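So you can see what is in the structure, the chains are spelled out below.
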Amino acid sequence: MNTTESTTKPVPSRLSRVRGSVSDFFLMLYRVYAFIIRFFKEVLLPPYDLKEIVRQCYETGVRSFTLITLTGFIVGVIFTKQSRPSLTSFGATSWLPSLVSIAIMKALAPLVTALIAAGKVGSSIGAELGSMRVTEQIDAMEVSGTKPFKFLVCTRVIATTITIPLLATYVAFIALLGGYLNVSANEGTTYVTFMEQAFEPLTFVDFWASLSKAIVFGFTIGIVGCYQGFNADKGTEGVGKAANGAVVTAMFLVFIEEVLIVQIAGWFR
Amino acid sequence: MEKQKAKIDLTNEVVKIRGLEKSFGDYDVLRGIDLDLYQGENLVVLGRSGTGKSVLIKLISGLLMPDKGLVEVLGHNAATISQRELEALRIRIGFSFQNSALYDSMTVRKNLEFPLVRNRKGITRAEIDKNVESVLDAVGLSQTINQMPSELSGGQRKRIGIARTLILNPEIMMYDEPTAGLDPITCIEINDLINEVQQNYNTSSIIITHDLTCAKQTGDRVAMLLDGQFQRVGTFEEVFATDDKRVKPFYDYNFTE
């Protein structure tokens, strides 16, 4: 039997730990950058996996439909209800449809959709790919020459980039419907009048900015979920971390992108 | 089932490894190993857990890159060829994973079709079905064709995993712990299947295991990996004809009371 070796590891200083964390952060940024570049390189090359893209659209879009519908409707009702007292105090209740539509179209619809999708779709992608990584299914694809990045990542990112703008548009109309029902119940406004007042202050730039936001959010949620899952560590803990990382990182990025796109859209007005 | 004598071509090295080194952080897993796998041969790599057996076959199939040394597979240096060449080379190598690595979201049929559809452009539906039925028949699991992986037993999963690699007619097979976690009868069935694959598909194989029954039943040669190097290479009997305290316990645990 060997004699026991006494090994004393030096305790890293606070400075070296901070340095380590900073270098880890930049290393991660580089990896994400490389992952995005790889996506754009591979997405243009055949095969295009249209069937899998449609399947992923179904998974990300249709499976989120009930939750999105419920949330969108509640957001519309609550926002209208909460805004009424402030407008009433200025005698501006008639502006309620315009206020609701501006808030929903410009900010709430894409943002609420993205946050729900980050929680539901992002975590699901992170967990699924993480689990595939841990159980060597991705390695199995790799060794059989089937290009797992193309099949697993490109299809999912395309699917979220397509479905989340569609869901955001749907949420906008459902939320407006919720707003209308609330306004109609309290002020007796007709549907046509409500919609005329709702769309009157909106411009093409508003729709464009809202749609652009949703596209960017969709891409972000897909790429973050895939990055976390595809690079999951070994073990079941890695799957949990991938799912959690997908949600937290996507939500954080969605808020940053919201600020940036609002700023950029402001330059076009 | 008794293993038939294999037709081994000692002049044709399908895998040639020289001075291979691989470390993970401070841990040197492989410390300059040399190995040849000949055409038609079943080579068993034995060793304790964590000695780098799985790392070795991942290096051969290009899933990992070596730190130093040569890994030549079917005449190509796996560490220096382009990504496209590596993908083409991988199709010629079958890899059976320890946990089978079947795609959970696909049926057995889809699992088997997947590598075929992705790698053989213009293949017809009839050809796909014929290939799928043929490999399922080879592993004796035709009845599972429409089942999901979650509905299969451990032994069936292993067999389907092997069938999925056979569908591309590989020249080299890598088996990572093929009998791990299986009951003794299923282990014997898997060992027989490995021998059948060698005979019927004319493959050269590397079998990673610490199951000596598997090593004895399937191996034409055995290589013992200890302390990051091959300490003993030869027939099963030659490898265990030693009093080396690192080797003997393997044999004693499996074959003596």
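Residues numbered from 1 in each chain as written. Chains lettered and ligands numbered in written order. Predicted model: local features only at pLDDT ≥ 70, side-chain atom pairs only at ≥ 80, totals over all residues.

J.: Whenever I open this one, the overall build of chain B confuses me. Can you help?
T.: Summing up its helical and strand segments, chain B has nine helices and ten strands in all. Compactness check: chain B gives a C-alpha radius of gyration of 18 Å against a globular reference of 18 Å for 257 residues, within 12% of the reference. Going through the 257 residues of chain B one by one, you find that 41% of them count as buried. For chain B, restricting intrachain contacts to residue pairs at least 6 apart in sequence, the fraction spanning at least 24 positions comes to 68%. (Helix = DSSP H or I, 4+ residues; strand = E, 2+ residues; numbered from the N terminus. Rg over C-alpha atoms; globule rule 2.2 N^0.38 Å. Buried ≥ 20, exposed ≤ 12 C-beta atoms within 10 Å, placed from the backbone. Contact = placed C-beta atoms within 7 Å.)

J.: Is there a simple way to explain the interface of chain B and chain A in this structure?
T.: How big an interface is tends to be expressed through the accessible area that disappears when the partners come together. Chain B puts 16 residues into the contact, and the matching count from chain A is ten residues. Where the side of chain B that touches chain A is concerned, the elements lending two or more residues are helix H2 (83-90), strand E6 (93-96) and helix H3 (108-119) of chain B. With four residues, the single largest contributor to the side of chain B that touches chain A is H3 of chain B. By residue class, the composition of the side of chain B that touches chain A is ten nonpolar, three polar and three charged. (Nonpolar A, V, L, I, M, F, W, Y, C, P; charged D, E, K, R; others polar.)

J.: Would you mind going over the sheet that holds strand E9 (residues 221-226) of chain B with me for this structure?
T.: Across a sheet, paired strands are connected by hydrogen bonds in the backbone, their directions being either parallel or antiparallel. Residue and element names in this part refer to chain B. An order of E6-E7-E8-E3-E9-E10 is seen for the six strands of this open sheet, with the pairing classed as mixed. On the outer flanks of this sheet lie E6 and strand E10 (229-234), each paired with one strand and no other. Going from strand to strand, the sheet's axes swing by 15 degrees on average, the running direction of each strand aside. Of the pairings in the sheet, the one linking strand E3 (residues 42-46) to strand E8 (residues 204-209) comprises five bridges and is parallel in character. The residue bridging asparagine 42 from the neighbouring strand is serine 205, located in E8. (Pairing = 2+ DSSP bridges. Axes fitted to C-alpha atoms, helices over the stretch in contact; angles between N-to-C directions.)

J.: Please clarify how the packing of helix H4 (residues 96-134) of chain A against helix H6 (residues 148-187) of chain A should be interpreted in this entry.
T.: Each pair of packed helices can be summarised by the angle the axes make with each other and by the distance between the axes. All names here are of chain A. At their nearest, the axes of H4 and H6 sit 7 Å apart, and the two run at 145 degrees to each other. The element H4 and its partner H6 pack so that their crossing is right-handed. In terms of residue class, the contact of H4 with H6 is made up of 23 nonpolar, four polar and one charged. (Left-handed = near helix turned anticlockwise from the far one by under 90°.)

J.: It is not clear to me how the sheet that holds strand E1 (residues 9-24) of chain B should be interpreted in this structure. Could you clarify?
T.: Residue and element names in this part refer to chain B. Here four strands make up an open sheet; going across it, the order is E2-E1-E4-E5 and the pairing antiparallel. One side of each edge strand has no neighbouring strand; the edge strands of this open sheet are strand E2 (27-39) and strand E5 (76-77). Two strands pair when backbone bridges link them, and E1 and strand E4 (residues 68-73) are joined in this way by five bridges, in the antiparallel orientation. Note that in E4 the partner of glutamate 21 across the bridge is lysine 68.

J.: Would you mind going over unusual backbone geometry with me for this structure?
T.: The phi angle of most residues is negative, glycine excepted, and most peptide bonds adopt the trans form. The residue after proline 46 of chain A, namely proline 47 of chain A, is reached through a cis peptide bond having omega 0 degrees. Examined against the element boundaries, proline 47 of chain A turns out to sit in the loop between helix H1 (14-43) and helix H2 (50-60). Of note in this structure, leucine 74 of chain B is not a glycine but carries a positive phi near 50 degrees. If you trace the backbone, leucine 74 of chain B turns up in the loop between E4 and E5. By the C-beta count within 10 Å, which is 17 here, leucine 74 of chain B ends up partly exposed. Phi at glutamate 177 of chain B is positive, roughly 45 degrees, even though this residue is not glycine.

J.: Where do I start with the pairing of E8 of chain B in this structure?
T.: On a regular strand, each side chain points to the face opposite its neighbour's, so the side chains alternate between the two faces of the sheet. All names here are of chain B. Counting buried residues along E8, six of its six residues qualify, which places the element largely inside the surrounding structure. In E8, alternate side chains face the same way, and those of Ser204, Ile206 and Ile208 on one face and Ser205, Ile207 and Thr209 on the other are all buried. Pairing of strand E7 (residues 172-176) with E8 involves five bridges; the strand directions are parallel. Across the sheet, methionine 174 pairs through a bridge with isoleucine 206, a residue of E8. The handedness of the E7 to E8 crossover, carried by helix H6 (residues 184-201), is right-handed. (Right-handed = clockwise from strand over helix to strand, strands pointing away.)

J.: Would you mind going over the UniProt feature "transmembrane region" (unreviewed entry) in chain A with me for this structure?
T.: Residue and element names in this part refer to chain A. Using the residue numbers shown here, the UniProt feature "transmembrane region" (unreviewed entry) corresponds to residues 61-79, 99-118, 157-181, 207-230 and 242-268. Helix makes up 100% of residues 157-181 and strand 0%, with an end-to-end C-alpha separation of 36 Å. In residues 242-268, the share of helix is 100% and the share of strand is 0%. The end C-alpha atoms are 38 Å apart. (UniProt positions renumbered as here; feature names shortened; annotations may be inferred.)

J.: In this structure, what is going on with the confidence of the model for chain A? I would like to understand it.
T.: Any residue range with low pLDDT should be treated as having predicted coordinates unsuitable for detailed reading. Residue and element names in this part refer to chain A. Taken over all residues, the pLDDT of chain A has a mean of 90, while the share at 70 or more is 96%. The secondary structure element of chain A with the lowest average pLDDT is H1, at 88, and the one with the highest is H6, at 95. A low-confidence stretch, residues 1-6 (pLDDT under 50), is modelled with zero contacts involving residues beyond four sequence positions or located in other chains. (pLDDT = per-residue confidence, 0-100.)

J.: Can you help me understand the packing of H4 of chain A against helix H7 (residues 191-199) of chain A in this one?
T.: Residue and element names in this part refer to chain A. The geometry of H4 relative to H7 is characterised by a closest axis approach of 7 Å and an angle of 55 degrees between their N-to-C directions. The angle between the axes of H4 and H7 places the two elements in the oblique class. Seen from above, H4 lies across H7 with right-handed handedness. The residues of H7 that touch H4, namely those facing Pro97, Ser98, Val100 and Ser101, are Phe194, Gln197, Ala198 and Phe199. Of the residues that constitute the contact of H4 with H7, the class distribution is five nonpolar, three polar and no charged. (Parallel < 35°, antiparallel > 145°, perpendicular 65-115°, else oblique.)

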